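Close look at the chain arrangement
So you can see what is in the structure, the chains are spelled out below.
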Amino acid sequence: MGGPMGSPGVGPEMPTPTVTHRNATAPERTGGTEARDYRAAFAIARLPMALVGRDGRVLEANPALGALLGADPVRLTALAAAELTGISGDERLRAEYADVLDGRSEQLRCTRPVRTRDGRMVRAEVIVTRVSGAAGGNVLLSVEDLGERHELREQLRHLRMHDPVTKLPNRALFFERLAAALERAGEGTGRVGLCYLDLDGFKAINDTLGHRTGDRLLAAVAGRLDDCAARLGRGRHLVARLGGDEFAILVEGSTGTGQATALAESVLAALQRPFDLSGQRLTVSASIGVVEREASGTTATGVMQAADTTLYWAKADGKARWTLFDPERNAHRMTRQALSSTLRQAVERGEFVLEYQPLVAMGSGSVRGVEALVRWHHPHFGLLGPNRFISLAEENGSIVQLGRWVLAESCRQARQWQKDYPDDPLFVSVNVAVRQVWDSDLVADVAEILDDTGLPPELLQLELTESAVMGSAGRPLQALHALHEMGVRIAIDDFGTGYSNLAYLSRLPVSTLKLDGSFVHGFRADQHPNPADETIVEALVQLAHRLGLTVTAECVENAEQAERLRRIGCDTGQGWLYSRPVAAERIAALRRDR
Ligand code: C2E
Ligand code: MG
Ligand code: MG
C-alpha cells in the first residue's frame, strides 16, 4: 500500500512545513501541481502516514497520524519512526526496517501494537515503503488501526444489511439469517417458523397520501412488528423488511405451528390500532402467510416459496388474516399449474380421448344419442376427468383448440355410426364452453367440421350452460341463431343450477333442457323423497313441454328414479342406470343389447 505519496515525484528535499502553512510554502518549494496534489492528499488522507528520512526520523506526519497518536503532527517531526510504531520492539523487524531505509528492500509490512492518544494499545498494520529511487531515499510509513478498520467494515455491513426507512434488517440480512437457521438444523428444536406479511392496500395509501406518508407508515408498522416480536420472542425473532410493504418475522428454534400462528395473530391485533402520523390517522390491515416446518431438508428458497403461496392464499381468502401453509392445497395448486401449462401441447400430442354416454328414450328404453365426454390420458397423472382440466383450459384459452378437437372427433365418430346403422342413426351431444363462443368462430368451426365429416346437422347437438346463454346479446345470440338455422340442436346443460329462466330460454333457439343431476338425486326412494321436489320438477317439465322444449334427466342411477321421471314426463334419461360413459366401440354393443 504505497498511498498517494508513493511516487518518485516527491523528492528527498521535501521540507517539513507545518500543516497550517503548507499551502503558502509548499507549492513553490516543491514546484509543480502534481506535487501540490500529493501534498494535499497527504494532509487530508484518513490513513495515518509519515514521511521518514533515511536516518529513520520523521520528516513530516499527516494530521491523521497525529490524531492516532494524540500529538500535534508537527511535534512528531524528528522523532524515531520505529519507536512510534512499535517496530523497535522487535529485533527481526528492526533489521528489515533498516533494509528498507538503506534501499536494500522495497517494503516492510507488519502488524504491531501501537499506543494511541488515550493510552490504549491498538493493533495496527504498519507499512514502510520506499518512495524515491536507488539507495537511501525517504520512506513513506503508514499506520492503520485494524480495530478501526473492523469497525468501519461493521458500519458498512450494517448499512448494507438494513433498510433506511424502517431501520429493520433488509432482505439480504434476512436471507442470511434464514439460511444460517436452516443450517443449524441439528440444534435446538430443529424447526423454523416464518410470518410473511404484506400490507393490504398500501399502494393506494402511497399513491394518494404520498411517499413520505407511506414511508412514515412503514416505519410505524415496523415498530409494532418489532414490539410483537420482542414480546413474544423475547428478542429471538428477527423482523425484516423484504421490500415495498412486505415484512417477515423469522422464528428460530420454533416450537411448533402454534407459536407462529400466535405471533401472526398478535401482529394482526397490533396493526388494528390506528396509526397517528403527524396528525393523519390511518388504519391498515395486513395479510400474513405462515410457514412452520422442520429445518432439516428445507432450503431458504423452499420456505420463501411456501410463504409466498400462503400469503397469496391469505389475500385470496379475503385479506386481513393469516393463513397457514397447507401442503395439500399446495400440491393441488402445483398440479393445477402443471396441468395448465401443458394443456396446449397435450391437444397437439393427442393425449385426449372421448367416452360416450347413452341418451335413452324414457318410454322405449332405446338409445337415441350419446353425450361425448372428454378425458385426458396424462403421461404422469394418469386418466383425468374433465372436472380436473376444463376450467383450466377455459382460464388459459386452450379450450378453443381442445373444444375444436372434441367437436371434430365426435362428429367423425357419429358419422361412422351413421354409416354402420343407416336406418337407426345416433346423434352426438357435444359440450361447448362459454369461451368457445366468445373466443373462436364456433359457427364457422361447426360448419367446416360437418362439411369435412359429412355428418348431417340434425345428428349434432351442442350443450351450453345457462350462464353461457343468459343475457345473451350480440355474438353468442347470433351464434345460437346461426347454428339453429344450420339445423344443429342446442341443449341447455345442467338446467336448474343457474338462473332457471324458462321464459327467457324459450325465446332462444333452444330445443332441449338437461335437468341437472341434483334434481334427480331427490328422487331416490331410499333417501326420503321430497314431494316438493317432485312437484317442482313436474311443473318444470310441463312448462318446458308447453314451450316446445324436450327434457333430458341427468344422473339417473336406478330404476325407481327412472320410473318417476318417466311418469313426470321426462323424454330422455342419461345415467349409470343405462350406462357409464364408455369407449366408442362399446356403444354399438349397447345398442344391440337394448
Ligand atoms: P355434464 O355435461 O353435465 O356431463 C355429465 C356428467 O355426469 C359426466 O361427468 C358424467 O360422467 C356424469 N354422470 C353421468 N351419469 C351419471 C350418474 O348416473 N350419476 C352421477 N353421479 N354422475 C353421472 P364427467 O364426464 O366427469 O364430466 C363432467 C363435466 O365436464 C360435464 O358435465 C361437462 O360439463 C364437462 N365436460 C365433459 N366433456 C367436455 C367437453 O368436451 N367440453 C367441455 N367444454 N366440457 C366438457
Ligand atoms: Mg353435458
Ligand atoms: Mg350436465
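Residues numbered from 1 in each chain as written. Chains lettered and ligands numbered in written order. Predicted model: local features only at pLDDT ≥ 70, side-chain atom pairs only at ≥ 80, totals over all residues. Heavy atoms only, no water.

1. Observations concerning the pairing of strand β3 (residues 107-115)
Alternating positions in β3 separate cleanly, Leu108, Cys110, Arg112 and Val114 being buried on one face and Gln107, Arg109, Thr111, Pro113 and Arg115 remaining unburied on the opposite face. Sheet topology note: the β3/strand β4 (residues 121-130) ladder contains nine bridges and is antiparallel. In the sheet register, Arg109 faces β4, and the bridge partner there is Ile127. Linking β3 to β4, which pair antiparallel, is a turn of five residues; within it Gly119 sits at a positive phi near 85 degrees. (Buried < 20%, exposed > 50% of the residue type's maximum accessible area, 1.4 Å probe, protein only. Helix = DSSP H or I, 4+ residues; strand = E, 2+ residues; numbered from the N terminus. Pairing = 2+ DSSP bridges.)

2. Quick word on the coordination of the magnesium ion (ligand 3)
Those donors, Asp493 (OD), Asp494 (OD), Glu554 (OE) and Glu554 (OE), are the protein atoms that reach the magnesium ion (ligand 3), and they lie 2.0 to 2.7 Å from it. Here the donor residues of the magnesium ion (ligand 3) share one chain and are spaced in sequence as D-D-x59-E. The distance between the magnesium ion (ligand 3) and the magnesium ion (ligand 2) comes to 3.9 Å, and Asp493 binds to both of them. Here the residue Asp494 occupies a position in strand β18 (residues 489-495), and Glu554 occupies one in the loop between β20 (550-553) and α23 (559-568), the gap between them amounting to 60 residues. (Donors = N, O, S within 2.8 Å, 3.2 Å for Na, K, Ca; no water.)

3. Details of empty space enclosed by the protein
Summed over all chains, the structure comprises three cavities of 30 Å³ or more. The volume enclosed by the largest cavity comes to roughly 50 Å³. Taken together, the elements giving at least two residues each to the lining of the largest cavity come down to α3 (63-69), α5 (81-84) and β5 (139-145). Residues that form the lining of the largest cavity fall into these classes: nine nonpolar, one polar and no charged. (1 Å grid on protein atoms, 1.4 Å probe; cavity = no way out; pocket = protein on both sides within 12 Å on 5 of 7 lines; lining within 4 Å. Points joined across faces, edges and corners; volume = space filled by probe spheres on them. Nonpolar A, V, L, I, M, F, W, Y, C, P; charged D, E, K, R; others polar.)

4. A word on the domain arrangement of the chain
Each domain of the chain was delimited in the assignment, giving domain 1 (21-151), domain 2 (162-325) and domain 3 (338-593). Each of domain 1 and domain 3 was reduced to a C-alpha centroid, and the two centroids are 94 Å apart. (Domains from an automatic or database assignment.)

5. A look at the sheet that holds strand β1 (residues 49-52)
Hydrogen bonds between backbone atoms are what pair the strands of a sheet, whose relative direction is either parallel or antiparallel. Taken in spatial order, the five strands line up as β2-β1-β5-β4-β3 in an open sheet, and their pairing is antiparallel. Of all the strands in the sheet, the pair left with one neighbour each is β2 (58-61) and β3. The sheet shows a mean angle of 25 degrees between the axes of neighbouring strands, taken without regard to direction. Relative to β5, helix α7 (residues 146-161) is tilted by about 55 degrees, and along the sheet it contacts β3, β4 and β5. (Axes fitted to C-alpha atoms, helices over the stretch in contact; angles between N-to-C directions. Contact = heavy atoms within 4.5 Å.)

6. Details of the sheet that holds strand β12 (residues 322-324)
The strand order across the open sheet formed by five strands is β7-β8-β6-β11-β12, and the pairing between neighbours is mixed. Unpaired on one side and paired on the other, β7 (238-243) and β12 mark the two borders of the sheet. The mean inter-strand angle of the sheet, taken between neighbouring strand axes irrespective of direction, is 20 degrees. Here strand β6 (residues 191-200) runs beside strand β11 (residues 285-294); their pairing, made up of ten bridges, is antiparallel. In the strand pairing of β11, Leu194 is matched with Val291.

7. Some words on the nonpolar core
The biggest cluster of nonpolar side chains holds 80 residues, and the ones touching the most others in it are Phe352, Tyr356, Leu402, Val446, Leu460 and Leu462. Element by element, the count of residues in this core is highest for helix α15 (residues 399-420), at eight residues. Once residues lying within four places of it in the same chain are set aside, the contact partners of Leu462 are Leu407, Val430, Val432, Leu442, Val446, Leu483, Val488, Arg489, Ile490 and Ala491. Val239, Phe247, Leu263 and Ala264 belong to the second largest nonpolar core, which has 31 residues in total. (Core = buried A, V, L, I, M, F, W, Y, C linked by side-chain atoms within 4.5 Å.)

8. Side note on the pattern of salt bridges
According to the stated counting rule, one finds 28 salt bridges in the structure shown. One salt bridge connects Asp102 with Arg104, and the closest N-O pair in it is separated by 3.2 Å. Ionic pairing is found between Arg329 and Asp317, a salt bridge with its closest N-O pair at 3.2 Å. Remark: Asp317 occurs in the loop between α12 (300-316) and β12 and Arg329 occurs in helix α13 (residues 327-349); sequence separation between them is twelve residues. On the basis of relative accessibility, which here comes to 32%, the residue Arg329 falls in the partly exposed class. Here the salt bridges share partners, and the residues they tie into one network are Arg177, Arg184, Glu187 and Glu252. (Salt bridge = Lys/Arg side-chain N within 4 Å of Asp/Glu carboxyl O.)

9. Some points on the packing of α15 against helix α17 (residues 442-453)
For any two helices packed against each other, the geometry comes down to the angle between their axes and how far apart the axes lie. Contact geometry for α15 and α17: axes closest at 9 Å, N-to-C directions at 30 degrees. It follows from the interaxial angle that α15 and α17 lie roughly parallel. Like other packed secondary-structure pairs, α15 and α17 cross with a definite hand, here right-handed. Contacts between α15 and α17 pair Arg404, Leu407, Ala408, Cys411, Arg412 and Arg415 from the former with Asp445, Val446, Ile449, Leu450 and Thr453 from the latter. Along the lines of polarity and charge, the residues of the contact of α15 with α17 split into six nonpolar, one polar and four charged. (Parallel < 35°, antiparallel > 145°, perpendicular 65-115°, else oblique. Left-handed = near helix turned anticlockwise from the far one by under 90°.)

10. Focus on the confidence of the model for the chain
Detailed reading of the predicted coordinates is not advisable wherever pLDDT is low. Summary statistics for the chain give a mean pLDDT of 88 and a share of 91% for residues scoring 70 or more. pLDDT under 50 marks residues 1-30. Its contacts with residues more than four places away, or in other chains, come to 49 contacts. (pLDDT = per-residue confidence, 0-100.)

11. Re the coordination of the magnesium ion (ligand 2)
Looking at the magnesium ion (ligand 2), one finds its protein donor set to be Glu371 (OE), Asn431 (OD1), Glu463 (OE) and Asp493 (OD), positioned 2.0 to 2.3 Å from the metal centre. We note that the donor set of the magnesium ion (ligand 2) lies within a single chain, spaced as E-x59-N-x31-E-x29-D.

12. Side note on the layout of surface pockets
It is the rolling of a water-molecule-sized probe over the atoms that shows where space remains empty. Here the largest pocket defines a volume of roughly 920 Å³. As for the largest pocket, its lining consists of 32 residues, and the residues nearest its centre are Glu371, Leu373, Pro386, Asn431 and Asp493. Put simply, the parts of the chain that give the lining of the largest pocket at least two residues each are β14 (367-378), α14 (386-396), α15, α16 (434-439), β17 (460-465) and β18. For the lining of the largest pocket, the element with the highest residue contribution is α14, accounting for five residues. Classifying every residue of the lining of the largest pocket gives 15 nonpolar, nine polar and eight charged. The computed volume of the second largest pocket comes to approximately 420 Å³. Along its surface, the second largest pocket is lined by 18 residues, and Arg46, Pro48, Leu68, Asp145 and Glu148 are the ones closest to its centre. For the lining of the second largest pocket, the elements supplying multiple residues, two or more each, are α3, β5 and α7. In terms of residue class, the lining of the second largest pocket is built from eight nonpolar, two polar and eight charged.

13. Describing the side chain of Asn206
For Asn206, the location among the structural elements is in helix α9 (residues 202-209). Here Asn206 falls in the buried class, since its relative accessible area comes to 15%. When residues no more than four places from it in sequence are discounted, the contact partners of Asn206 are His211 and Gly214.

14. Re helix α6 (residues 91-101)
Of the positions making up α6, those classed as buried are Leu93, Tyr97, Val100 and Leu101. For α6, the arc enclosing every buried residue in end-on projection is 95 degrees, short of the 170-degree limit, so these residues lie on one face. Exposed and oriented more than 90 degrees from the buried face of α6 are Glu91 and Arg92. Here the buried face of α6 lies against β1, α5, β3, β4 and β5. N-capping of α6 is provided by Asp90, with a side-chain oxygen placed 3.0 Å from the backbone N of Arg92. At the exit of α6 stands Gly103, carrying a positive phi of roughly 85 degrees. (Arc of directions from axis to C-beta. Polar contact = N/O pair within 3.5 Å; in protein donor to acceptor, adjacent residues only side chain to side chain.)

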